[in-house]
Amino acid sequence: MRPPLALRLAPLLLLLLLLPACGIDFVASEEGTELIDKVEVAGDFVAGGDVTVTMTVNHAYPVPVHIACFVENQSEVTEDEKDVAFHERATLVGEEFLDTALSTNRPLNPDDEVEKKKFTYSFTAEGPGSYFVACITPAAPDNGIGRSFTVRPR
């Protein structure tokens, strides 16, 4: 008697779940990703107020990396706009093009300890609403950190 189909497929499904991904892996955690360590938002959270985004980066990749921070007032996003990728519809706050990270004699690896760099960008919160800011790698938009904040009327 043959075992049920589910039992015959179980080893294949388990194997597929355990296969590692290749290439650079940006692992997210509560502290951030391997590349973007932290994103902080500060400022005057009233309409017309200045808001500052500070992104802390841990760049140890042996390839150049483009990182960018975007913001949007989610209270003003239409249903049609929700179908567009966040980084294509939101407003660019700031961006960096990081060169290949090198040690004195070899390329660095993502696990190497490097001095973290901070980048600070400012923008004006035009109107009241629920804002969302995200710092991402546009080539892999799922790699990033986002923060929500509320802007009150003046």
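Quick notes on the rules
In every chain, residue numbers begin from 1 and rise along the written sequence. Reporting in this predicted model follows two pLDDT cut-offs: at least 70 for local features of residues, and 80 or more for side-chain atom pairs to be given and counted; totals over whole chains, interfaces and linings ignore these cut-offs and use all residues. The basis for every side-chain value is the complete set of non-hydrogen atoms in the structure, without hydrogens or water. Residues belong to one nonpolar core when they are buried, are Ala, Val, Leu, Ile, Met, Phe, Trp, Tyr or Cys, and are joined through side-chain atoms within 4.5 Å. In this scheme, a residue with accessible area under 20% of its type's maximum is buried, one over 50% is exposed, and one in between is partly exposed, where area comes from a 1.4 Å probe on protein chains only. In this text, helices come from DSSP runs of H or I with a minimum length of four residues, and strands from runs of E with a minimum of two, each type numbered from the N-terminal end. In what follows, a contact means two residues having at least one pair of non-hydrogen atoms within 4.5 Å. Strand pairing requires that DSSP identify at least two bridges connecting the strands. Convention adopted: a line fitted to C-alpha atoms gives each axis, helices being fitted over their contacting stretch, and angles between N-to-C directions are expressed from 0 to 180 degrees. The aromatic pairing rule takes the rings of Phe, Tyr and Trp, using the six-membered ring of Trp, and pairs them if the centres are within 6.5 Å, calling planes under 30 degrees apart stacked, those over 60 edge-to-face and the rest tilted. N or O atoms closer than or at 3.5 Å make up a polar contact, with two conditions inside protein: a donor-capable atom paired with an acceptor-capable one, and, for residues adjacent in sequence, both atoms drawn from side chains.

J.: What's the story with the nonpolar core in this structure? I'm lost.
T.: Nonpolar side chains tend to gather and get buried jointly when the protein is soluble and globular. Ile36, Met55 and Ile67 are the most contacted members of the largest nonpolar core, which totals 24 residues. Going through the elements one at a time, strand E1 (36-43), strand E2 (49-57), strand E3 (65-73), strand E4 (91-98), strand E5 (117-125), strand E6 (129-137) and strand E7 (140-151) are the ones with two or more residues in this core. Residues in contact with isoleucine 36, not counting those within four places in the same chain, are Met55, Thr56, Ile67, Cys135, Ile136, Asn143, Gly144 and Ile145. Grouped together as the second largest cluster of nonpolar side chains are six residues, Ala68, Phe70, Ala90 and Ile136 included.

J.: How should I be thinking about the sheet that holds E3 in this particular structure?
T.: Whenever strands of a sheet pair, they do so through backbone hydrogen bonds, lying parallel or antiparallel. The strand order across the open sheet formed by four strands is E4-E3-E6-E7, and the pairing between neighbours is antiparallel. Edge positions in the sheet fall to E4 and E7, since each of these pairs with one other strand and no more. Taking each pair of neighbouring strands and ignoring which way they run, the sheet shows an average axis angle of 15 degrees. As judged from the six bridges shared by E3 and E6, these two strands associate in the antiparallel manner. The residue of E6 that forms the bridge with cysteine 69 is cysteine 135.

J.: When you look at the packing of aromatic side chains in this model, what are you seeing that I'm missing?
T.: We describe a pair of aromatic rings using the distance from one ring centre to the other and the angle between the two ring planes. Tallying each qualifying case throughout the model produces four aromatic pairs. Where phenylalanine 70 meets phenylalanine 86, the ring centres are 6.5 Å apart and the plane angle is 80 degrees; that geometry is what we call edge-to-face. Of this pair, phenylalanine 70 sits in strand E3 while phenylalanine 86 sits in helix H2 (residues 86-89), placing them 16 residues apart in sequence. On the basis of relative accessibility, which here comes to 8%, the residue phenylalanine 70 falls in the buried class. A relative accessible area of 18% places phenylalanine 86 in the buried class. Consider the rings of phenylalanine 86 and phenylalanine 132, whose centres lie 5.5 Å apart with planes at 75 degrees: the pair is edge-to-face. A residue pair is termed long-range when its members are at least 10 positions apart, and phenylalanine 86 in helix H2 and phenylalanine 132 in strand E6 qualify at 46 residues. Overall, phenylalanine 132 belongs to the partly exposed group, its relative accessible area being 22%. Grouping aromatic residues by their ring pairs yields a cluster made of Phe45, Tyr131 and Phe149.

J.: Explain the side chain of threonine 33 here, please?
T.: Inspection of the secondary structure assignment puts threonine 33 in the loop between helix H1 (5-18) and E1. A residue is classified by how much of its surface remains accessible, and threonine 33, at 9% relative accessible area, is buried. Looking at threonine 33, its side chain comes within polar contact range of the side chain of asparagine 143, at 3.3 Å.

J.: In this structure, what is going on with the sheet that holds E2? I would like to understand it.
T.: If you walk across this open sheet you meet the three strands as E1-E2-E5, and the pairing is antiparallel. With one partner strand each, in any of the chains shown, E1 and E5 form the two edges of the open sheet. Adjacent strand axes in the sheet meet at a mean angle of 20 degrees, parallel and antiparallel pairs treated alike. In terms of strand pairing, E1 meets E2 through seven bridges, oriented antiparallel. In the strand pairing of E2, isoleucine 36 is matched with valine 57.

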